[in-house]
Amino acid sequence: RPGHEMREMKIKDIDLVAGTIYVTRERAKNWHERVVTIPYQFLQQLRDQYCLQDQDREYYVFGRDGRPGSLVIGKNKLNYKFNKIRDRLKMPKEYQLYSWKHTGAIEADLANIPSKDISIHLGHSSLQITDIYFRNKKPGVSEAIRDNYPSL
């Protein structure tokens, strides 16, 4: 979530060894602290490309000058930057920064990651909420029906 969880995240909240991000109670949407697993591919980028392990652990991951720093980025800056990139790539305006959370959840589901793990990753309080979430976000295409329907 860009509002608080991303924008106010500090480098010390990221465990580059365990591959997790600690979301503090104050930053969480539902006021429940949690630990989020970082997919291995992204963890490698955090280590090798962004070298967060070499930065001051008290720095915000998203500092005001476009890199980790002691001052947190403004509350609309992440969305503003995303919108510029989206427009440059000629993507539809309906795509919002927060939409990537939905995309990631659907891709995880399509990769057969258990619903319980996805629910925890999204910060949902129950599997029922995740089921409702998927009902509203998942495309209506069934690969099983499309690809395995018996011949007529």
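About the thresholds
Residues numbered from 1 in each chain as written. Predicted model: local features only at pLDDT ≥ 70, side-chain atom pairs only at ≥ 80, totals over all residues. Heavy atoms only, no water. 1 Å grid on protein atoms, 1.4 Å probe; cavity = no way out; pocket = protein on both sides within 12 Å on 5 of 7 lines; lining within 4 Å. Points joined across faces, edges and corners; volume = space filled by probe spheres on them. Helix = DSSP H or I, 4+ residues; strand = E, 2+ residues; numbered from the N terminus. Nonpolar A, V, L, I, M, F, W, Y, C, P; charged D, E, K, R; others polar. Buried < 20%, exposed > 50% of the residue type's maximum accessible area, 1.4 Å probe, protein only. Polar contact = N/O pair within 3.5 Å; in protein donor to acceptor, adjacent residues only side chain to side chain.

A. Fine view of the layout of surface pockets. By volume, the largest pocket amounts to about 1800 Å³. Taken together, 45 residues line the largest pocket, and the ones lying closest to its centre are M6, M9, I21, F42 and F62. For the lining of the largest pocket, the secondary structure elements donating two or more residues are α1 (2–6), β2 (20–23), β3 (34–37), α2 (40–48), α3 (77–88), α4 (99–110) and α5 (115–122). Looking at which element gives the most residues to the lining of the largest pocket, the answer is α4, with six residues. Class assignment for the residues of the lining of the largest pocket results in 29 nonpolar, eight polar and eight charged.

B. Inspection of the side chain of R7 at higher detail. Position of R7 relative to the elements: it lies in the loop between α1 and β1 (14–15). For R7, a relative accessible area of 10% corresponds to the buried category. In terms of polar contacts, R7 uses its side chain to reach the side chain of E8, at 3.2 Å.

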